[in-house]
Amino acid sequence: MGRDPDDSPFTPGFGNLPRVIAGRKDEFHDLERMAERLARGIYQQPRLVTGDRGMGKTVVLRALEREQIELGRWVVRSSATRGDAIVGRLCRDLAALLYEHDLAGALKQTGREALRRLAGVTISTRGVRAEVAPVTGVDRADELERLLSSVAELADERETVLLLLIDEAQNIELGALGDLFHALQEVQGIVIDERDADTGALQRRSLPLGAVVAGLPGLVRRLKDAGSTFGERSRPVPLRAFTDADMREGLPALAAEGGAVFDADSLEATMAACGGYPYFLHVVGDQVWAAGDGEVITATDARRGIDRSRPLIEEFYAARLRDLGELQRRYLHAAARIDARERTPGTIAAALERTSAKLASTQQKLIHDHGLLRSRSDGRLEFALPGLDDHLRELADPG
Ligand SMILES: Nc1ncnc2c1ncn2[C@@H]1O[C@H](COP(=O)(O)OP(=O)(O)OP(=O)(O)O)[C@@H](O)[C@H]1O
Ligand SMILES: [Mg+2]
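Residues numbered from 1 in each chain as written. Chains lettered and ligands numbered in written order. Predicted model: local features only at pLDDT ≥ 70, side-chain atom pairs only at ≥ 80, totals over all residues. Heavy atoms only, no water.

A. Representation of the sheet that holds strand β9 (residues 235–238). One open sheet holds the five strands; their spatial order is β2-β5-β8-β1-β9, and the pairing between them is parallel. Looking at which strands have only one partner, the edges of the open sheet turn out to be β2 (74–79) and β9. Averaged over all pairs of adjacent strands, the angle between strand axes in this sheet comes to 15°, irrespective of strand direction. Bridge analysis of strand β1 (residues 47–50) against strand β8 (residues 209–215) gives four bridges, and the strand direction is parallel. Bridge assignment links V49 to a residue of β8, and that residue is A214. (Pairing = 2+ DSSP bridges. Helix = DSSP H or I, 4+ residues; strand = E, 2+ residues; numbered from the N terminus. Axes fitted to C-alpha atoms, helices over the stretch in contact; angles between N-to-C directions.)

Shown next as structure tokens:
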């Protein structure tokens, strides 16, 4: 039995759910525990999933959504585009969720009003409509709070948990971001006091509303700019490159999905070529897969596949560098030439014969807007994409 080159279990792309999830065990453990504790009425900090492009944020949200829905939880997953469209999208998604659970008639009046005012959405046993014009000049944070609390109360009555999963949060315009997170915090702060029917003891619990917000690393700074304390109050879930252990487990599991096995050499070579970057795992894995048709993926397949994936990876780097300004480009080249152990704003500035202060905004843009560099806690700078430093060294230096 061989493997079919056309039936690759690798799925290069963005936003797709891979056939096997590699790594991320601690992250899923934390998120699952969050949902379980919410189900017991225990307040849970929102989770802030950050990571560079292609690091697997959407995969985490999608896999969590699937798993939690299977457990009977109410999940709304919305992806933000630029501006404040996320508010309307959340309204429609929440209304659709209630409708699917036959709860169109159960939402209380304040929740209904909020849906109408925020997004012109009406909900009835006949369905969800978004035809009425939204009301202008409403207090968006207040209305969102009413909406979220009324849906979370329904979840509480039905003994389930309402989970809001918000993707691409770095796109949300500052005002909407502030309002949304203010509302979330207020509703998560609501406590319900109840006497236990048997013992008479006073019991206190929180509304079962959880939030997982995902975005590029610059999101944390945007939250601060929005005047929101959400960043500080939420629990960070930073997604980093896969470790060798993640890949050593994940790559063979993916290959097994397609009915093949890596031999030890091809596994090591493929791991090294991916550099732990989830997106590259699929780009390289797919080429290595297609380079042969035996049941065993051999070192020759790996070599051939890695060679074939090289132009795809080069093109990916080139696309990431395309809209940089000249100084930003020079900054990156200088950073790539400096040994990783010595790569600090100071040594880069010295290489460019400037002061760090003069280059501060260039550095900030490369970190926060382009997500190409990362600032380490020890003061050094590192490249966010594996292999980008090698790529830059191979390119002609702009001077
Ligand atoms: N844990 C994982 N196991 C296997 N494949 C993964 C994993 N995480 C991500 N991938 C794959 O890597 C690619 C990028 O993942 P994803 O789209 O989730 O990244 P992202 O962080 O959301 O990127 P962006 O910021 O561009 O939205 C996808 O092809 C996805 O299938
Ligand atoms: Mg994504």
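B. The arrangement of the packing of aromatic side chains in detail. A complete count under the given rule lists nine aromatic pairs for this structure. Note on F14 and F316: the rings are 6.5 Å apart at their centroids and 20° apart in plane angle, and the pair reads as stacked. In this pair, F14 sits in the segment before α1 (25–39) while F316 sits in helix α12 (residues 299–321), placing the two residues 302 residues apart along the sequence. Overall, F316 belongs to the buried group, its relative accessible area being 12%. When the centroid spacing of 5.5 Å and the interplanar angle of 80° are considered together, the rings of F280 and F316 count as edge-to-face. Here F316 lies in helix α12 and F280 lies in helix α11 (residues 278–290), a separation of 36 residues in the sequence. (Phe/Tyr/Trp six-rings, centres within 6.5 Å; stacked < 30°, edge-to-face > 60°. Buried < 20%, exposed > 50% of the residue type's maximum accessible area, 1.4 Å probe, protein only.)

C. Examining the pattern of salt bridges more closely. All told, the structure shown has 31 salt bridges when counted by the stated rule. With its nearest N and O atoms 2.7 Å apart, the salt bridge here joins E65 to R77. Taken together, the positions of E65 in helix α2 (residues 57–70) and R77 in strand β2 put the pair twelve residues apart, joining distant regions of the chain. Overall, the relative accessible area of 29% leaves R77 in the partly exposed class. The partner of E382 in a salt bridge is R376, and the shortest N-O contact between them spans 3.4 Å. Taking the relative accessible area as the measure of exposure, E382 reaches 26% and is therefore partly exposed. When salt bridges that share partners are traced, they join D52, R374, R376, D378, R380 and E382 into one network. (Salt bridge = Lys/Arg side-chain N within 4 Å of Asp/Glu carboxyl O.)

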